[in-house]
Each structure stands twice: as structure tokens, then as C-alpha cells.
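Spelled out, the chains give:
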Amino acid sequence: MADTLEFNDIYQEVKGFMNDGRLRLSKAGLMYKNSKTGKVDNIAAADLSEGIWRRVALGYGIRLSTRAGHVYKYDGFRESEFEKLSDYIKIHFQVDLVEKDMCVKGWNWGSVRFGGQLLTFDIGEQPAFELPLSNVSQCATGKNEVTLEFHQNDDSDVSLMEIRFYVPPTQDDGGDPVEAFAQNVLSKADVIQATGDAVCIFRELQCLTPRGRYDIRIYPSFLHLHGKTFDYKIPYTTVLRLFLLPHKDQRQMFFVISLDPPIKQGQTRYHFLILLFSKDEEISLTLNMSEEEVEKRFEGKLKKNMSGCLYEMVSRVMKALVNRKITVPGNFQGHSGAQCITCSYKASSGLLYPLERGFIYVHKPPVHVRFDEVQCVNFARGTTTTRSFDFEIETKQGSQYTFSSIEREEYGKLFDFVNAKKLNIKNRGLKEGMKQAYDDYADSDDDQQHDAYLERMKEEGKIRENADTDDSGDESDESFNPGEEEEEVAEEFDSNPSASSSSADSDEDQEKPAKKPKESKPSKEKKPRKKPEVTKVKDPAAPKRPMSAYMLWLNASREKIKGDNPGISIIDLSKKAGEIWKGMTKEKKEEWDRKAEEAKRDYERAMKEYNKNAPSDVSKKEKKPKGEKKTSGEKKTSGKAEKKKSAKPASPARTPVKTNTVKSKEFVSSDESSSDESTHKKVRLQIEEGSDEEMASTPPSSNDSD
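Residues numbered from 1 in each chain as written. Predicted model: local features only at pLDDT ≥ 70, side-chain atom pairs only at ≥ 80, totals over all residues. Heavy atoms only, no water.

Time to look at the packing of aromatic side chains. Tallied over the full model, the rule gives 31 aromatic pairs. Each ring, one from Tyr88 and one from Phe93, has its centre 6.2 Å from the other, and the planes form 85°; the classification is edge-to-face. In terms of burial, Tyr88 and Phe93 fall into one category: buried. The cationic tip of Lys595 hangs over the ring face of Trp592; the distance from NZ or CZ to the ring centre is 4.1 Å. (Phe/Tyr/Trp six-rings, centres within 6.5 Å; stacked < 30°, edge-to-face > 60°. Buried < 20%, exposed > 50% of the residue type's maximum accessible area, 1.4 Å probe, protein only. Lys NZ or Arg CZ within 6 Å of the ring centre and 35° of its normal.)

Attention now moves to helix H12 (residues 586–613). With 28 residues, H12 should cover 40 Å at 1.5 Å per step; its first-to-last C-alpha distance of 41 Å lies within 8% of that length. Every buried residue belonging to H12 is among Trp592, Ala596, Tyr603 and Met607, and all of these are buried. (Helix = DSSP H or I, 4+ residues; strand = E, 2+ residues; numbered from the N terminus. Expected span 1.5 Å × (residues − 1).)

Next up on the list: the pattern of salt bridges. Inspection of the entire model under this criterion finds 20 salt bridges. The salt bridge involving Arg78 is made with Glu81; its shortest N-O contact spans 3.1 Å. The class of Arg78 is exposed, set by a relative accessible area of 55%. We classify Glu81 as buried; its relative accessible area is 9%. Linked through salt bridges whose partners overlap, the residues forming this network are Glu50, Arg54, Arg63, Lys73 and Glu130. (Salt bridge = Lys/Arg side-chain N within 4 Å of Asp/Glu carboxyl O.)

On to helix H10 (residues 549–564). If you check H10, its first and last C-alpha atoms are 22 Å apart, about what 16 residues at 1.5 Å a residue would give, namely 22 Å. The sharpest bend along H10 measures roughly 50° and falls at Ser557. Buried within H10 are the following residues: Ala549, Tyr550, Met551, Leu552, Trp553, Leu554, Ser557 and Ile561. (Bend = angle between axes of the 7 residues up to and from the residue.)

Laid out in C-alpha cells, this is it:
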């Protein structure tokens, strides 16, 4: 048989609420850890007195009783686990695990049995329900009735708050059965009554949460906070943890008490009690107990007469009464040498303490996060300034805490601490001025994802560049030269307006000097105006561009990937294919690289054949030297070529060149060879006449020479 038994997803019943956690059985005893709060319940093997196995709502459960009368209930077991549990408890704990069924008749009459801290209502020989007396907050009696009131559990959706028992009168003179019933309940009930004298009293302590100054009276079973407005009684059983934290100024101390369930004031819940002390404040304390009682009760942890700093006395007394360890900061030291970091949480500024097993933020609102709750952490850029950064914590329960406005000098210390604790860092980010280099962030989770679509676009871009280079002499779009085209347009339309225009235009033109054609500038300095987009019509007979090696492999492997991953979406298939391609060896990729090269060569041969057989109705423009003028016949030819070239869809890469020279009407009306051309000339004539008037009133641009 194994030395230990572990069960996950086991539920512990606490005040009507089922807490999720993990149960572990060992030779020393039983341990249960609450997943939400991290609270650990330990039951020594020698303390167990009874074990019962029974059918419950969540499957099967066990109820364990101790010799001191405490009862623990754990649900969520399977029926097949009974033998394994029974044998283990019998061998290591010397306790029999007895099967017992609950009564489900629904009768409301029976007998009451008190055993330890449990009230059991039996119908016949079977129990109908059980009430832990520790949940009782008040017990009131009537003539023949006993009314029990219960503590409310805020975690539970539905809470049982009151139950009444009718106790019939008896003929025996043994006493009042109602009073006997009430005394049995009160002897084990968790009824907080300030009876007797307090062990000690601390006067006017400064409390940050809840805010104010309170007198703290220490009783054997609870803590009494008495202020001017509010009054709280806190049982020691609700205390989870104790923290003693030094302030960043090294002159004050925080004493933090974690509570579950929290103390309540109206609709407000206080999960933490935070006290603030000055290090210089001292006190002499005398316990309201005899020395023998102090020695017997606290076993040397406390003395009847003590003196020292006030925070030391409070923490020492609380540790002895609550029987919890006090958590202090570990080895972390910030940039200034303090054991905390100044930051902001929500709207308030406070201090973040990296501890050995978690983080705690003080003080408004207080936050405590254990390392085993943390899903991941994130170092983010500051939202308001580059001299700070944010520290984000995401928990496994889905909560997120963002601590902002942390000085960038604290980054290295905090990062080393988080890395040493082996917490998952989601995104390490980049901050200007930080000491960490870019390589520190190169292994971020976001950078590890392979973008198959991006790789495909890069490959197709390379193929287009190569194809454009090879076909530059075959297509007019690729042979476009902005500098040369500007010169040709200027020569073609630049004539002397005084010699060829009408008398009205010539008078206007003679008053101003003739404009010189623009000087061509390098294409890098030229800022072309935006041209309306023209959809380029693709020839369906043209050869298709070749695919990249990755796309060839993807087309061949797509069906196989779909078969290995049934129901995969298109996006997930692309991601999966990218991961497989990235993980392939160089030798396997060479096969597809060769196929891609063959496809490219076939495409080049097909393009050459296509260009040879393409219609040759588009004539190339003849380039003339700069100083040579064209004859009227050459102008006609040039005009026809211009018309033919305009019939071909323009490439988006071509930029129209606009000149500020005056167009000649003589050139426009010199050709009437066809009706189509005459219509084309008339439209151009109307446009040019309007442009002459506009350009006459518009001063030359800064690029024109004087």
C-alpha cells in the first residue's frame, strides 16, 4: 500500500458552502488545503475517533470526528474508492470507516442526539440531518420551543438562518427539557459573549482598515475592537494569517490580520485588519492571568509582565492566542534598499511587498495573492510616462491585479525576484532606459507564434520583384521613366502661343514672357500627385505566377493535416501548417525549393512565349533629342500614339505629369482623320481652353525657373 493517498476536487462543507480543495492522507494524519484561501486543516492520526462513509449529493463523502469533538466533512469521492480509503484508515489511523445511510423519509419528528460539537436529528436509527453547533450564533428558549440562529456565510447563495425545535413536556421531575436542550447547545455553540475580564487591553490603536482608532480587548477565544462608531468581535478561528511589514520610511510598521470570513459593516466587508504602529512607541504590558495560568496556557510563549515596542507586544500576543505564524518580508530588496515597492492600485497609492510565498499590497484596498494562485505575471509599459512601468498579476481563478506607476529603477530587482520564484512571465516588454537588452525579451510568448500568412506574403512579394525585373522590357508600365516622360510631354505640347493661337489669346500671352519647360528632377525628390485608382484588367490567357515552396508543400499536405486534425478550422489549419513547416528539416525543405525553382523557370518560359504572341498594336514612343522640334506630321503620329496608349489600362505605378505650358489649339484641330479621333479632340479642346484661363491667373510654382 502506498505511504500517502491524494484526492483532488474534494469539497469541504463549511457553514453550508462547499469549498473546493485537495485532500491528502499520510501516516501522520490527514491534511486538507482550500484552493481558494490556501487554508490548511491538519488532523493528527491519533486524534481521530470515528469515520463514517455515506451517500451525499456530490457522490460519496466521509465524516470524521476527533476526540476533542470536532467534526470534518469531505465530499466528492467515488464509490470505487471506499475500499482503498477504508483499508488505509484502518491500518494507519486504527479507525474503522463505517458505512451509514441517511434517512430520506422527510419526517419532522424524531429524537435529538448530542455528540461532541454535532447535533444529530434521528428518525428511528438513521440520521435525517446534522447541525454543527459551532455554526450557532444565538440560542433562545420559549415555553416548549428552542430557537437556534446561525452565522451567515457570504459565499453561500442560500443560508439557513434559523431553526426551531418543539420539545414536548415530560412527566418526569428530572428538570425542564427545554433548558436542558438549550444548555447542550450553548455549551458547544460559537456564541460570542464578552463574559469575564480580558486577558489584556491595548488602548487607542491606529487602524487603517477599518479606519479609525480602536481599543483592542484580547479575550481567550476572540478579539474585541471597540471604537467610537463601530464595535467588532472577531473569533480567532476566522484568522487566516498574520503579517508584520516594515514601512518604506523605516519608522513605522504594519500589522496585518487576514480574516475569513470577513468582518461586516452594513454591505461592506473587511477581509483584512490593518494596524499601523510607530517603531518608537513602547509599552509595558501585564496579563490579567496568574503566572501559573500563563505558563500552562501559553507554554512559555508569553509572560505575565512584558515590555517593549508596541507592535512587538501586539504581534506576540496575537501569535500566541491565534497559534499562527507571523509572515515577514523575505530576501527581496528594492532599488532604495527597502523591502517593498511604491506603486498604485486602482485609485490609491500604496506599497507592494514581495514575500517568499506571495505578494501583499497595503493598504487601500489590501490585496494578498499566493504564488500557487498565480497563472502568469506581466511587465507592461507605463500608460502616462516612460519613467514607470506596470506590474500585472493574473490568477488561475481569472482575477487580474494591475500595480501601476512603479519606478523603472525597480524593474531589474522585481524581474529577478519573479524569475527566481519561477513564475510564468507572459510578456517581458521593453522600457526605455532599462538595463535589460532587447535579447531578454526575444523569447516572449507572443514572438513564438508562426504567422503562415505573413510568410506567404513575403514569398509572393519576392516572386513579384523577380518577375517585374525580368519583364521590364516587355510591358509599357515597367518601362515608364518619370524624368523622360516629363520631357516628352513638355516638348509635345510646348509651342509658341503668340504664333499659333487666336488674336484674343495672343494679346494676353504677349504681355507675359513665355514659360520655360520644367527641369526634370530625380524620381526620389519628385512628389507625384495622387492619381485616381484604375483597375488593371488581367489577361486570362497570361501565364499564372508560380507558387512558393511553402505554398506547394501546403497544397500537397492540406488533406493530410485535415485528416490528422478532424474538424479543424481554416485559421487553425494555417497555424498548424506554419508550425509543421517551421519544424521541418532543411533537407525536406530542399525538395520543395527545387519544385519552386522549376515552377519559376516554367513561368519565365511561358511569359516569353506569351509576349512573342501578344498583339503588337501598341507602338513604343520615339524619343527625340531635347532641342529638336517635331513637325506637324510627327505631332499627328504622336497624338495617335497618345490615344493608343491611353486605351491601355494604366498601371498604378505610373504618375501623370502636369505641365504649366499653354496648349496649342492648332495642334488640336490639325487632325480630323476619324470620327472617334475628332470626338476625342473636341473633349481635349474644351479641357485645354479652361486650363489656359486657369493657368494664366495662377502664379508659377516654385519649381519653375524664372
